[in-house]
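Residue-level structural notes
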Amino acid sequence: MDISSLVSSVKSFFFRGIKSIPVVRERIQKEYNEIMKSLEGSLKPYKGKFASFKEIPREGKSQEDILQIMKEIKDFEESRWKDGYVSGAVYHGDEKHIDFLNKVYSIHSQTNPLHSDLWPSIGKYEAEVVAMTSFMLGADNSDNASICGTLSSGGTESILLAMKTYRDWARDTKGIHNPEVVLPITAHAAFDKASEYFHIKLVKIPIESDYRVNIEKVKNAISKNTIAIVGSAPSFPHGVIDPIEELSEIAREHGVGFHTDACLGGFLLPFAEKLGYQVPVFDFRLPGVTSISVDTHKYGYAAKGISVILYRTKELRRYQYFKITEWPGGIYFSPSFAGSRPGALSAMSWAAMVNIGEKGYMANAKKILETANKIKNEIKTIPDLFVLGDPLFNVSFSSHTIDIYKVMESMTHKNWSLNGLHKPSCVHICVTLRHAQEGVAERFITDLRESVAYVKAHPSEKGEMAPVYGMAATIPDRTAVADLLDMYMDLLYKIE
Ligand SMILES: *Cc1c(COP(=O)(O)O)cnc(C)c1O
């Protein structure tokens with residue numbers, strides 16, 4: 001049985017709503033196993049090629065041998081992102097930049113800012129990363145400036161920290177015990193994670209035809225339990241910026257927090273604005289904005305594992321801090337979720353910012369925005385496709401006439417790795433410096449035109465992954481989709 005007929009039979013089961021019958025469940029499970037088996041090929045490509053270890057080897061392998069294997073694996077994986085076939089993922093990726101960051105890492109590989117007395121250097125780097133980032137995002141940088149923040153391990157942690165902070169702040173200062181956050185449906189999945197982890201109710205607001213959140217509906221969703229409102233600058237799915245000014249004013253009028261999620265755009269939009277692009281204000285220049293998440297590991301061009309969370313006041317930041325005074329292990333505190341942390345990542349982030357400089361960020365932003373603009377305008381000339389909203393650098397597109405997931409699959413066959421999205425079904429490419437390389441945008445458009453033509457010429461061809469995406473987008477029983485995701489994650493930890 002091929003994947004597509006599997007998927008359609010799985011799908012028909014759910015439409016008939018008989019998933020709960022044990023016999024049916026068993027059959028579905030079997031069919032899921034088949035889907036997983038086909039995924040295993042791409043997720044476990046080293047099966048049989050390299051030794052795998054289920055226990056610590058009795059005799060250690062030589063460092064040379066290990067490095068040799070790792071180099072082979074790296075070479076196998078590197079060209080796809082390096083040559084610009086991948087949406088997002090690696091935002092800089094030039095050899096010289098990587099070499100520099102690696103040197104910085106090697107100098108600091110043993111540091112741990114949990115031991116702030118041993119490595120005050122990391123404290124210096126972290127304080128300066130926060131200062132440089134907040135100044136870039138509209139804070140004044142005088143000594144008594146209130147805007148402050150901390151580093152975290154990534155955008156998700158920055159968002160989790162902000163949500164926990166608002167929860168505890170609202171409990172202490174307003175007596176709110178059933179906290180709610182009002183946010184666009186397009187806000188990042190990290191907010192759902194925060195909701196699950198910290199028992200915060202999310203009130204999700206639909207978007208308009210321009211893919212920005214509906215302001216009136218946000219207003220109407222505010223209750224006595226609201227602790228904060230969220231907007232994205234820009235959103236991950238469609239790359240459009242929510243009406244942050246209006247939203248943050250609503251928050252201010254109601255005395256609740258406002259979080260701008262600038263994880264994606266924080267290190268690009270300020271430079272886009274300086275370059276003369278139309279960028280609505282989304283940062284601390286708006287008095288209602290009380291926190292911003294911004295990823296140094298995206299367009300800040302640091303290596304993965306580092307992000308910044310900023311707050312308007314030091315009072316708010318206090319609610320993020322963890323401290324315990326009665327632990328037999330001694331007095332203990334940590335500003336973010338982790339205990340021990342890799343100080344080298346903070347050092348790399350600092351080094352990237354100080355090395356690239358404002359001029360460098362401007363030049364990079366210019367290249368990225370021009371490349372994205374070219375891609376956006378070319379997609380618009382392909383008759384079967386349309387662009388969703390008016391994005392600056394994260395371009396999503398879809399079709400009224402053909403299955404967009406089949407187009408994505410055809411692009412995958414041409415080595416591209418794009419993001420498949422749903423509600424509505426579309427595909428996006430998040431443009432990075434990798435795509436600003438000579439000829440990459442042109443190659444993307446040529447391949448996209450060919451893919452559209454192919455899908456049109458082969459209407460009955462179902463494809464392998466396209467039906468899986470189609471199913472995930474349309475299946476009414478969402479627990480069935482969640483089951484598949486559990487299996488996918490199990491597969492990640494399966495030994496080859
Ligand atoms: C990337 C991103 C995040 C956080 O993602 P991490 O993978 O945890 O760094 C949050 N919001 C938006 C809009 C993003 O693009």
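Relevant structure appears above.
Let me sum up the structure you'll find in this document. In this text, all values refer to a predicted model and were calculated from it rather than measured experimentally. Sequence positions are assigned chain by chain, starting from 1 and proceeding in written order. It should be noted that, the model being predicted, local features are given only for residues of pLDDT at least 70 and side-chain atom pairs only at 80 or more, the latter also being counted only at that level, while totals for whole chains, interfaces and linings use all residues. Each side-chain value is derived from all of the structure's non-hydrogen atoms; neither hydrogens nor water enter the calculation.

It is worth spelling out the overall build of the protein chain at this point. In this text, helices come from DSSP runs of H or I with a minimum length of four residues, and strands from runs of E with a minimum of two, each type numbered from the N-terminal end. When helices and strands are counted, the protein chain shows 16 helices and 13 strands. For 496 residues, the compact-globule estimate of 2.2 N^0.38 gives 23 Å, and the protein chain sits close to it at 24 Å. In terms of principal-axis extent, the alpha carbons of the protein chain reach across some 65 × 65 × 55 Å. Only protein chains enter the accessibility calculation, which uses a 1.4 Å probe; a residue is then buried when its area is under 20% of its type maximum, exposed when over 50%, and partly exposed in between. Split into buried and exposed, the 496 residues of the protein chain put 50% on the buried side. A fraction of 73% describes how many contacts in the protein chain between residues 6 or more apart in sequence connect residues 24 or more apart. Counting every atom, the protein chain has about 24,500 Å² of accessible surface; 55% of that belongs to carbon and sulfur. Computation of the radius of gyration draws on C-alpha atoms, with the globule rule given as 2.2 Å multiplied by the number of residues to the power 0.38. When checking whether two residues touch, look at their non-hydrogen atoms; a contact exists if any pair is within 4.5 Å. Method for areas: the Shrake-Rupley scheme with a 1.4 Å probe, in which residue coverage is limited to the protein chains shown.

What follows concerns the side chain of Ser307. Turning to its location among the elements, Ser307 is positioned in strand 7 (residues 307–311). For Ser307, a relative accessible area of 0% corresponds to the buried category. Nitrogen and oxygen atoms within 3.5 Å of one another constitute a polar contact, given that in protein one can donate a hydrogen and the other can accept it, and given that sequence-neighbouring residues count only through two side-chain atoms. There is a polar contact of 2.7 Å between the side chain of Ser307 and the side chain of Ser158. Here the side chain of Ser307 touches Asp295 through a polar contact of 2.7 Å, side chain to side chain. Beyond its immediate stretch of four places on either side in the chain, Ser307 contacts Thr150, Leu151, Ser152, Ser153, Gly154, Gly155, Ser158, Val294, Asp295 and Thr296.

The next point concerns the site of the ligand. Taken together, Gly155, Thr156, Ile159, His188, Pro234, Phe236, Asp261, Cys263, Leu264, Asp295, His297 and Lys298 form the complete shell of residues around the ligand. One nitrogen or oxygen atom from the main chain of Gly155 is found 3.0 Å from an oxygen atom belonging to the ligand. In this structure, an oxygen atom belonging to the ligand sits 3.0 Å away from a side-chain N or O atom of Lys298. Coverage of the ligand by the protein amounts to 85% of the 380 Å² it exposes when considered alone. Per element, the largest residue contribution to the shell around the ligand is three residues, and it comes from helix 6 (residues 155–174). In the shell around the ligand, the residues fall into five nonpolar, four polar and three charged. For each residue, the test is whether any non-hydrogen atom lies within 4 Å of the molecule or strand; if one does, the residue is near. Three classes are used: nonpolar for Ala, Val, Leu, Ile, Met, Phe, Trp, Tyr, Cys and Pro, charged for Asp, Glu, Lys and Arg, and polar for all others, with Gly counted as polar.

Soluble, globular proteins show a tendency: their nonpolar side chains are buried together. We define a nonpolar core as any set of buried Ala, Val, Leu, Ile, Met, Phe, Trp, Tyr and Cys residues linked to one another through side-chain atoms lying within 4.5 Å. Counting residues in hydrophobic clusters, the biggest one holds 92 residues, and the most contacted among them are Tyr299, Ile379, Phe393 and Phe444. Broken down by element, the residue count for this core peaks at 14 residues, all from helix 12 (residues 343–380). Contact partners of Phe444, with chain neighbours within four places excluded, come to Ile375, Ile379, Phe397, Met411, Trp416, Leu418 and Ile429.

So, on to the sheet that holds strand 3 (residues 201–205). When DSSP locates at least two bridges between a pair of strands, those strands are taken to pair. Spatial ordering of the open sheet is given by 1-7-6-5-4-2-3, a layout of seven strands whose pairing is mixed. On the outer flanks of this sheet lie strand 1 (148–152) and strand 3, each paired with one strand and no other. Strand-to-strand twist across the sheet, computed as the mean angle between neighbouring axes with direction ignored, equals 20°. Whenever a helix is involved, its axis is fitted only over the stretch in contact; in every case the axis is a line through C-alpha atoms, and angles between N-to-C directions fall within 0 to 180 degrees. Seen against the sheet, helix 6 touches strand 1, strand 2 (180–184), strand 4 (226–232), strand 5 (257–262), strand 6 (291–294) and strand 7 and runs at an angle of roughly 25° to strand 7.

As summarised here, the arrangement of the four strands in space is 10-11-13-12, forming an open sheet in which the pairing is antiparallel. Of all strands in the sheet, those bounded by a partner on one side alone are strand 10 (386–387) and strand 12 (419–421). Note: strand 10 against strand 11 (residues 394–398), two bridges, orientation antiparallel. Residue pairing across strands places Val387 opposite Phe397, the latter belonging to strand 11. Against the sheet, helix 13 (residues 404–413) makes contact with strand 11, strand 12 and strand 13 (426–430), and its axis sits at roughly 40° relative to strand 13, the strand it touches most.

Summarising burial for strand 13: five of the five residues are buried, a large majority. On strand 13, burial covers both faces: Cys426, His428 and Cys430 on one face and Val427 and Ile429 on the other are all buried. Bridging between strand 11 and strand 13 involves four bridges; their strand directions are antiparallel. Its bridge partner lying in strand 13, Phe397 is registered against Val427. Sheet topology places strand 12 next to strand 13; three bridges connect them, and they run antiparallel. Opposite Gly420, over in strand 13, you have Val427 as the bridge partner.

Right, let's get into the layout of surface pockets. By volume, the second largest pocket amounts to about 740 Å³. Two kinds of site are reported from a 1 Å grid over the protein atoms alone, namely cavities, where a 1.4 Å probe fits but cannot get out, and pockets, open sets with protein on both sides within 12 Å along at least five of seven lines, and residues are called lining when an atom falls within 4 Å of a point. What lines the second largest pocket is a set of 33 residues, and nearest its centre among them are Glu126, Ala127, Gly149, Arg317 and Tyr321. For the lining of the second largest pocket, the secondary structure elements donating two or more residues are helix 5 (120–136), strand 1, helix 11 (314–318) and strand 9 (332–334). Element by element, the count of residues in the lining of the second largest pocket is highest for helix 5, at eight residues. Considered class by class, the residues forming the lining of the second largest pocket number 17 nonpolar, 10 polar and six charged. Grid points are joined across faces, edges and corners, and a volume is the space filled by probe spheres set on the points.

So, about unusual backbone geometry. Cis rather than trans, the peptide bond between Ala233 and Pro234 has omega equal to -10°. On the secondary structure map, Pro234 appears in the loop between strand 4 and helix 9 (244–254). Lys423 connects to Pro424 through a cis peptide bond whose omega is 0°. Relative to the elements of secondary structure, Pro424 occurs in the loop between strand 12 and strand 13. With a phi close to 55°, His199 is a non-glycine residue in the positive phi region.

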